[in-house]
Amino acid sequence: MTSTALKEPVRENSPGAARELRRRPGRIRRIGLPYLLLLPALLLPALLLELLVHLVPMVIGIVMSFKELTQLYIRDWGSAPWSGLGNYKVSVDFDAPVGEALLHSFFVTVGFTLLSVGLCWLIGTAAAVFMQDTFRGRGLLRALFLVPYALPVYAAVITWVFMFQHDNGLVNHVLHDQLHLTDKPSFWLIGDNSFYALLVVSVWKGWPFAFLIVTAGLQNIPKELYEAAALDGAGVWQQIRRITLPSLRPVNQVLILVLFLWTFNDFNTPYVLFGRSAPEAADLISVHIYQASFVTWNFGTGSAMSVLLLLFLLVVTGVYLLFTSRGRRAADV
C-alpha cells in the first residue's frame, strides 16, 4: 500500500514568502527610480515650451477679443477699454459689412477645404495603391512624389506665382500657346480663377502627405488577404473595395481630420500666392482674419474672429471624432 504525500501550500507568513514580499517592492523601487528622476527634466521643459508657444498666446488672444483694441492702444494694449461681447456681435452680424464679409470668407474656406482634402486623399490613396506593386524605378518615383511635401512652403508657392503669371507664365504658355484650350491667356491670380489657382497649389502641396500616410497604412495589410481574394476570383477594384479601404479606415479617419485642420487654417499658401489682399474668390478665413487685424488695425475684432474659428474647429473635431468612434465600435461588433 502506497501513500501519496501532499505538499503543503506555502503560507504567506512563511520565511520564504516574507522574503519574496520584501524583495518585490525593493525591485520595483529600484527599477522605477531612474525614470522617476527623469520626469522633471522631461516634463518641465515641455510644459514651459507648451505654455510659451501655445497656451499663453491663446489666452492673450481671448483677452484681446473682449477689448476695443485698435491702433490707438498698440503701445499699451492692456489699457484698451473693455468691450464685452461687442467684437463678437460685430463679427456675427451678417447684415453688416463686417459680418457679411466674414460669412462669405467662411463659405469660401469650407468649399476650398472640402475640395482640397478630397482631392488630396484621392490622389494620395491612388498613388499609394499603385506604388504597392514592385517595378523598376519605384524608389525614385516615391522620392519624386514626396518632393512637393519636402519643399519649403514659400519657395514652392513663389514658384507657382511665376507659373501663374499672365504674360509669361508656364500655365498660360501650355494651355493657350501649345494646347490651345483657351481663347486668350487667363488671369490666374485675380478674379474667379484665383480660387482654382489656390486649389491647385494646395492639392499639389498636400497630396504627398496623404500618399505617405496611406503607404504606411498599406504595410500593415497582410498580403495573404489579397492572394486569397485573387484565388476566389476577385478583381483589382473588388480587392480595393473589400480589403484595402476597410483596412485603411482607422488611418483614413486620422488622415482626413489632420488634412481638414491643416487646410482650413492654412495661411502661408494664400498669403504668399496673393499677398496681403486676397481676391474675393479666394478669400480664405485665415487671410481674412489677418486683414481684419493688421490691415484695418482692429485687433479686437480680429481676435474675436480667431476665437470663433477656434470654437468652430473644436466643435467640428468633436463631432467628427464622435461619429468615427461610433462607426468603429459598430464595425467591431
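Residues numbered from 1 in each chain as written. Predicted model: local features only at pLDDT ≥ 70, side-chain atom pairs only at ≥ 80, totals over all residues. Heavy atoms only, no water.

**Description of unusual backbone geometry**
- One non-glycine residue, His 180, adopts positive backbone phi at about 55°.
- Mapped onto the secondary structure, His 180 falls in the loop between α7 (170-178) and α8 (193-218).
- Overall, the relative accessible area of 59% leaves His 180 in the exposed class.
- In this structure, Trp 297 is a non-glycine residue whose phi angle is positive, near 60°. (Helix = DSSP H or I, 4+ residues; strand = E, 2+ residues; numbered from the N terminus. Buried < 20%, exposed > 50% of the residue type's maximum accessible area, 1.4 Å probe, protein only.)

**Points about the side chain of Thr 113**
- If you trace the backbone, Thr 113 turns up in helix α3 (residues 97-130).
- Since its relative accessible area comes to 1%, Thr 113 is described here as buried.
- Apart from residues no more than four positions distant in its own chain, Thr 113 is found in contact with Phe 260, Thr 263 and Phe 264. (Contact = heavy atoms within 4.5 Å.)

**Focus: the nonpolar core**
- Membership of the largest hydrophobic core comes to 41 residues, with the highest contact counts inside it found for Phe 164, Leu 198, Phe 211, Leu 259, Leu 273 and Phe 274.
- Broken down by secondary-structure element, the contributors of at least two residues to this core are α3, α6 (153-163), α8, α11 (249-264) and α12 (268-274).
- Counting residues per element, this core draws most heavily on α8, which supplies 12 residues.
- In this view, Leu 198 contacts Phe 112, Thr 269, Pro 270, Leu 273, Phe 274, Ala 282 and Leu 284; residues no more than four positions away in its chain are not counted. (Core = buried A, V, L, I, M, F, W, Y, C linked by side-chain atoms within 4.5 Å.)

**Things to note about the confidence of the model for the protein chain**
- Mean pLDDT over the protein chain works out to 85, with 86% of the residues at or above the 70 mark.
- Element-level mean pLDDT values for the protein chain span from 68 in helix α1 (residues 15-64) up to 95 in α3.
- Per-residue pLDDT stays below 50 along residues 1-12; that stretch engages in four contacts with residues further than four places along the chain or on separate chains. (pLDDT = per-residue confidence, 0-100.)

**Structural notes on the environment of Thr 269**
- Along the chain, the position of Thr 269 falls in helix α12.
- Along the sequence, Thr 269 and Ile 158 sit 111 residues apart, while their C-alpha atoms lie 9.3 Å from each other.
- When neighbours within four sequence positions are excluded, Thr 269 is seen to be in contact with Val 153, Val 157, Leu 198, Val 201 and Lys 205.

**Concerning the packing of aromatic side chains**
- The full count for this structure, using the stated rule, is 23 aromatic pairs.
- Centroid distance Phe 145 to Phe 211: 5.4 Å. Interplanar angle 90°. Geometry classified as edge-to-face. Note that Phe 145 is positioned in helix α4 (residues 138-145) and Phe 211 in helix α8, a separation of 66 residues in sequence.
- By relative accessible area, Phe 145 is classed as buried at 18%.
- By way of ring pairs, the aromatic residues Phe 267, Tyr 271, Tyr 290, Phe 294, Trp 297 and Phe 299 are connected into one cluster.
- Looking at Lys 67, its charged tip hangs above the ring of Trp 82, at a distance of 4.4 Å from the centre. (Phe/Tyr/Trp six-rings, centres within 6.5 Å; stacked < 30°, edge-to-face > 60°. Lys NZ or Arg CZ within 6 Å of the ring centre and 35° of its normal.)

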